[in-house]
Amino acid sequence: HLEVVQHRAPDTWMVMRICIDAPYWWLVANPDECARSADSTGPERYASMGSEKWIKDSSDYLAAFVRAVEGAPLGKKIIGYSLLTSHGGEWIYTGAGAGKIGDYSEPALRYYRAWLKRKYGDQAWIVDTPVPSEGDRGRAWPALLRDPKRDARSIDFDLAFSDMTVDNLLAWCRAVKRESKGRRIVGAFYGYLLWQTGLVKSTATNGHLALRRLVEIPDIDFVTSFPSYDVREP
């Protein structure tokens, strides 16, 4: 495809989109590293973004891919990389299209408890704190507001889940920066804070609440969004 573009439009510069999701063999080999929805009896078709093994394996794969592109003749025509994963490639929880929320996997639970320790200190209650139930997290639906006293744990988890998502994204951004020696820009779809087409229960639980943190970190150069998928007419 790159060769076709260069043949037809030799002055074209490109931002390459790379979509990385866990292949079937990885999911089978690492069932405890897979994402889970609240009602799941088994792993989803995606890795948990809280999985350290997933982040390492996927970062290694991405690094090898970028090395190959950068070393190819057409690599000099690439100005950057856009990184995609999960639902629609847009860094949204994988079951969102079916109205599911997550992540109820063990990696996500470990991340959540570590996140609580960073926020509250080494409190005894954190050790046994579960991921809040779907019912608890759903009290604000379909509105955007929660009670900071009654819904404190749900608020904490959704913020932690967003940080978990951004940690995965930033690991990939750093892999690109390292392999391209800082010569390429890198970004992703992120920051869907007010609206998502067809996604039930999405605003607070989609992993996009860490936008401020993301844009203040120099490892990522851009975020991408869209005007609308289904409300585009006047």
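This text follows the structure it describes.
Numbering of residues begins from 1 in every chain and follows the order in which that chain's sequence is written. It should be noted that, the model being predicted, local features are given only for residues of pLDDT at least 70 and side-chain atom pairs only at 80 or more, the latter also being counted only at that level, while totals for whole chains, interfaces and linings use all residues. As a rule here, side-chain values cover all heavy atoms of the structure and leave hydrogens and water aside.

**Examining the pattern of salt bridges**
Then, number 1: Put simply, a salt bridge is a Lys or Arg side-chain nitrogen that is within 4 Å of an Asp or Glu carboxyl oxygen. Applying the stated criterion to the full structure yields 15 salt bridges.
Then, number 2: Here Arg67 makes a salt bridge to Glu179, at a shortest N to O gap of 3.3 Å. Here Glu179 lies in helix H6 (residues 152–179) and Arg67 lies in helix H3 (residues 52–71), a separation of 112 residues in the sequence.
Then, number 3: The rule is simple: take the accessible area with a 1.4 Å probe, protein chains only, and divide by the maximum for that residue type; under 20% is buried, over 50% is exposed, in between is partly exposed. Judged by relative accessible area, which is 45%, Arg67 ranks as partly exposed. Put simply, DSSP marks the helices as runs of H or I at least four residues long and the strands as runs of E at least two long, and each gets a number from the N terminus on.

**Considering the side chain of Asn206**
Then, number 1: Structurally, Asn206 can be placed in the loop between strand S3 (185–189) and helix H7 (211–215).
Then, number 2: N or O atoms closer than or at 3.5 Å make up a polar contact, with two conditions inside protein: a donor-capable atom paired with an acceptor-capable one, and, for residues adjacent in sequence, both atoms drawn from side chains. Engagement of the side chain of Asn206 in a polar contact is seen with the backbone oxygen of Tyr192, the distance being 3.1 Å.
Then, number 3: Only 2.8 Å separates the side chain of Asn206 from the backbone nitrogen of His208, close enough to count as a polar contact.

**Focus: the packing of aromatic side chains**
Then, number 1: Planes of paired rings set the category: under 30 degrees apart is stacked, over 60 is edge-to-face and the rest tilted, where pairs are Phe, Tyr or Trp rings (Trp by its six-membered ring) whose centres lie within 6.5 Å. The full count for this structure, using the stated rule, is 7 aromatic pairs.
Then, number 2: Pairing Phe157 with Phe161 gives two aromatic rings, centres 6.2 Å apart and planes at 20 degrees, and the pair type is stacked. Placement of the pair is Phe157 and Phe161 together in helix H6, with a separation of 4 residues, close to one helical turn. Across the pair, Phe161 and Phe157 agree in class, each one buried.
Then, number 3: Members of the aromatic cluster, connected to one another through ring pairs, are Trp26, Trp54, Trp91 and Trp172.
Then, number 4: Just above the ring of Tyr111 sits the side chain of Arg118; from NZ or CZ to the centre is 5.6 Å. Lysine and arginine charges are scored as sitting over a ring when NZ or CZ, respectively, is within 6 Å of the ring centre and within 35 degrees of the ring normal.

**What to know about the packing of H3 against H6**
Then, number 1: Angles run from 0 to 180 degrees between N-to-C directions of axes, and those axes are lines fitted to C-alpha atoms, restricted for helices to the stretch in contact. Where H3 meets H6, the axes come as close as 9 Å, and the angle between the chain directions of the two elements is 30 degrees. Compared by their axis directions, H3 and H6 come out roughly parallel. The two elements H3 and H6 cross, and the hand of that crossing is right-handed. Residues Trp54, Ile55, Ser58, Ser59, Leu62, Ala63, Val66, Arg67 and Glu70 of H3 form the contact with H6, whose own contacting residues are Asn168, Ala171, Trp172, Ala175, Val176, Arg178 and Glu179.
Then, number 2: The residue inventory of the contact of H3 with H6, partitioned by class, reads 9 nonpolar, 3 polar and 4 charged. Each angle gets one of four labels, with under 35 degrees taken as roughly parallel, over 145 as roughly antiparallel, 65 to 115 as roughly perpendicular, and the rest as oblique. Left-handed describes a crossing whose near helix is turned anticlockwise from the far helix by less than a right angle; the clockwise case is right-handed. Contacts are assigned to residue pairs with any non-hydrogen atoms lying within 4.5 Å of each other. Amino acids are sorted into nonpolar (Ala, Val, Leu, Ile, Met, Phe, Trp, Tyr, Cys and Pro), charged (Asp, Glu, Lys and Arg) and polar (every other residue, Gly among them).

**Describing H6**
Then, number 1: Under the convention used throughout, the expected extent of a helix is 1.5 Å for every residue step, that is, one less than its residue count. When the terminal C-alpha atoms of H6 are compared, their 41 Å separation across 28 residues agrees well with the 40 Å that a helix rising 1.5 Å per residue should span.
Then, number 2: Burial of H6 is extensive: 21 of the 28 residues sit out of reach of the surface.
Then, number 3: Where H6 ends, the next residue or the one after it, Lys181, has phi of about 55 degrees, a positive value.

**Describing the packing of helix H4 (residues 106–120) against H6**
Then, number 1: With their axes 9 Å apart at the nearest point, H4 and H6 run at an angle of 110 degrees to one another. Classified by the interaxial angle, the pair formed by H4 and H6 is roughly perpendicular. Residues Ala108, Tyr111, Tyr112, Trp115, Leu116, Lys119 and Tyr120 of H4 touch H6, and the partners they reach there are Arg153, Asp156, Phe157, Leu159, Ala160, Asp163, Met164 and Asp167.
Then, number 2: Classifying every residue of the contact of H4 with H6 gives 10 nonpolar, no polar and 5 charged.

**Focus: the sheet that holds S3**
Each strand in a sheet pairs with another by means of backbone hydrogen bonds, the pair being arranged parallel or else antiparallel.
Then, number 1: Spatially, 4 strands are ordered S1-S2-S3-S4 in an open sheet, and the strand pairing comes out parallel. A strand with exactly one partner marks an edge of an open sheet, and here the two such strands are strand S1 (14–19) and strand S4 (222–224). Taking each pair of neighbouring strands and ignoring which way they run, the sheet shows an average axis angle of 30 degrees.
Then, number 2: In this scheme, strands are said to pair when DSSP sees at least two bridges between them. Alignment of strand S2 (residues 78–84) against S3, held across 4 bridges, turns out to be parallel.

**Points about the nonpolar core**
Then, number 1: We call a set of buried Ala, Val, Leu, Ile, Met, Phe, Trp, Tyr and Cys residues a nonpolar core when their side-chain atoms join them within 4.5 Å. Counting residues in hydrophobic clusters, the biggest one holds 48 residues, and the most contacted among them are Trp54, Leu62, Tyr81, Leu83, Trp91 and Leu169.
Then, number 2: Among the secondary structure elements, those contributing two or more residues to this core are S1, helix H2 (24–29), H3, S2, H4, H6 and S3.
Then, number 3: The greatest single-element share of this core, amounting to 12 residues, is contributed by H6.
Then, number 4: When residues no more than four places from it in sequence are discounted, the contact partners of Leu62 are Ile18, Ile20, Leu83, Trp172, Ala175 and Val176.
Then, number 5: Among the nonpolar cores identified, the runner-up in size contains 6 residues, and Leu84, Ile92, Ala96 and Phe226 belong to it.

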